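# Coordinate inspection notes
Take a look at the letters that make up each chain.
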Amino acid sequence: MNIPSSAENFQALSGLKSELHLAIGVFDGVHLGHKAVVESAVFSAQRSKGVSAVLTFDPHPSQLFRPENPTRLIMPIETKATMLHAIGVDCVICKKFDREFAAILAENFLAHLKEQLPTLKSIYVGENFRFGQKRAGDVATLIASGRELGLGVFSAERIKHNGEPISSTRIRAELEAGRIREANDLLGYNYTSSGKIVSGAKLGRKIGFPTMNLPWQPECLPRFGVYFVYFRQSGEKTWAPAVANYGVKPTVDANPSEPTLEVHALDPVELQPGDAIDVAWLKFIRPEQKFDSVGELKAQIAQDCETARSLVS
Ligand SMILES: Cc1cc2nc3c(=O)[nH]c(=O)nc-3n(C[C@H](O)[C@H](O)[C@H](O)COP(=O)(O)O)c2cc1C
Ligand SMILES: Nc1ncnc2c1ncn2[C@@H]1O[C@H](COP(=O)(O)OP(=O)(O)OP(=O)(O)O)[C@@H](O)[C@H]1O
């Protein structure tokens, strides 16, 4: 059977003949803790010549439980799937998280999965994993059901950083506070934005600081401000240093709408609107400000460039 790299339901894998090793969770941000769980499933699948899969949920369960204040995701589901594939996951199952799924009793959860995925061999979660109706199930529940059904249950110890568990919630808080280095430490990679350059108001060129503008808007918004970043044309290997502003440009835009990521390369570049770039965020330099004049803004950007140059290693 050809294994689909992504699926919206269990049926896509119902014809599977080989052993299935399944990691379960939301995995927003695919941080270091998530990686440990997912890698265990991938290694086991490779060892047994089976198939590795991740069961994740879309929309995020909070959309069902508190639609008025859902969790603001670090990354869209497509980016998450790409990152999981890069770790070696064969199939990412993005299950619709609806009332019916949420109502499955914790003690029936594994039997339900086994019925839907007949070659299921083992499952992989973190030790803090909760599931089933009212989140009543935990790893002990899984181990008990696994014993009855002949399924292996592997729970990863909670990975910590500076003594505290890594979680998507913690990373969201770091991003919102502009603590980008801390967020990167927890993620285990540099927080990155990707998109196609669009034309701006061309004021940047006039004041001597041309920018590549990305209309990039994740659900979880990093703090508005100026950052030291590296960028590259998508698909290329080489990164170049730059200074970027993420925000609504209050100095020049009286009616700010959507935030924009504006990247000013420290050395001249030849990229055009329509070109796709990746921007890796490395360090927060200062908050975005409303200046009294464009002249003051220009002087501050010159200083920001100096700060960024001093950070180039
Ligand atoms: C390093 C850097 C810092 C910036 N800081 C601010 C800021 O603090 N406040 C602000 O209103 N705009 C800020 N901007 C955005 C500028 O207002 C914007 O780049 C300029 O208006 C050009 O916009 P354009 O590309 O649409 O022509 C910054 C831009 C850069 C590149
Ligand atoms: N620090 C960690 N170490 C090991 N496993 C983890 C860690 N954090 C989460 N996991 C496991 O990874 C899977 C996905 O985790 P999930 O995205 O649901 O949790 P989270 O990162 O704590 O997110 P949130 O903060 O939004 O609750 C689950 O099986 C969970 O138990």
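Residues numbered from 1 in each chain as written. Chains lettered and ligands numbered in written order. Predicted model: local features only at pLDDT ≥ 70, side-chain atom pairs only at ≥ 80, totals over all residues. Heavy atoms only, no water.

As annotated in an unreviewed UniProt entry, the protein chain carries the name Riboflavin biosynthesis protein and comes from Coraliomargarita sinensis. The Function (unreviewed entry) comment attached to the protein chain in UniProt states, word for word, "Catalyzes the phosphorylation of riboflavin to FMN followed by the adenylation of FMN to FAD." (UniProt positions renumbered as here; feature names shortened; annotations may be inferred.)

## Looking at the packing of aromatic side chains
Per the counting criterion, the structure on display carries 17 aromatic pairs. Between the aromatic rings of Trp216 and Trp281, the centroid separation amounts to 5.7 Å while the plane-to-plane angle is 55 degrees, which identifies the pairing as tilted. In this pair, Trp216 is assigned in the loop between β10 (212–214) and β11 (225–233) and Trp281 in strand β14 (residues 276–287), connecting sequence segments 65 residues apart. Across this residue pair, the class does not change: Trp216 and Trp281 are buried. (Phe/Tyr/Trp six-rings, centres within 6.5 Å; stacked < 30°, edge-to-face > 60°. Helix = DSSP H or I, 4+ residues; strand = E, 2+ residues; numbered from the N terminus. Buried < 20%, exposed > 50% of the residue type's maximum accessible area, 1.4 Å probe, protein only.)

## Section: the environment of Cys94
By secondary structure assignment, the location of Cys94 is in strand β4 (residues 91–95). Separated by 86 residues in sequence, Cys94 and Glu8 place their C-alpha atoms 5.0 Å apart. With residues up to four places along the chain from it excluded, the contact list for Cys94 reads Ala7, Glu8, Thr56, Asp58 and Ile77. (Contact = heavy atoms within 4.5 Å.)

## Observations regarding the site of ligand 1
The local shell around ligand 1 holds 23 residues, among which Ala201, Leu203, Thr251, Glu262 and Gln289 are the closest. Within the backbone of Leu203, an N or O atom sits 2.7 Å from an oxygen atom of ligand 1. In the environment of ligand 1, an oxygen atom lies 3.1 Å from a nitrogen or oxygen atom belonging to the backbone of Gly204. In isolation ligand 1 offers 630 Å² of accessible surface; the protein chains occlude 98% of this area. Most atoms of ligand 1, that is more than half of them, are within 2 Å of grid points of the second largest pocket. Taken together, the residues of the shell around ligand 1 break down into nine nonpolar, eight polar and six charged. (Near = heavy atom within 4 Å. Polar contact = N/O pair within 3.5 Å; in protein donor to acceptor, adjacent residues only side chain to side chain. Areas by Shrake-Rupley, 256 points an atom, 1.4 Å probe, with all protein chains shown as cover. 1 Å grid on protein atoms, 1.4 Å probe; cavity = no way out; pocket = protein on both sides within 12 Å on 5 of 7 lines; lining within 4 Å. Sits in = over half its atoms within 2 Å of the grid points. Nonpolar A, V, L, I, M, F, W, Y, C, P; charged D, E, K, R; others polar.)

## Quick look at the UniProt feature "domain: Riboflavin kinase" (unreviewed entry) in the protein chain
On the UniProt side, "domain: Riboflavin kinase" (unreviewed entry) is annotated at positions that read residues 186–313 here. Structurally, residues 186–313 is divided into 19% helix and 34% strand, and its ends, taken at the C-alpha atoms, are 22 Å apart.

## Some details on the nonpolar core
The biggest cluster of nonpolar side chains holds 32 residues, and the ones touching the most others in it are Leu22, Ile24 and Leu113. Counting residues in each nonpolar core, the second largest holds 28 residues, with Ile197, Tyr227, Val279 and Phe284 among its members. (Core = buried A, V, L, I, M, F, W, Y, C linked by side-chain atoms within 4.5 Å.)

## Topic: the state of the cysteines
Under the defined criterion, the tally for this structure stands at zero disulfides. We note that Cys94 lacks a disulfide partner, and the nearest cysteine sulfur, in Cys91, lies 8.6 Å from it. This cysteine, Cys220, is not joined by any disulfide, and Cys94 carries the nearest cysteine sulfur, 20 Å off. Given the relative accessible area of 0%, Cys220 is considered buried. (Disulfide = S-S within 2.5 Å.)

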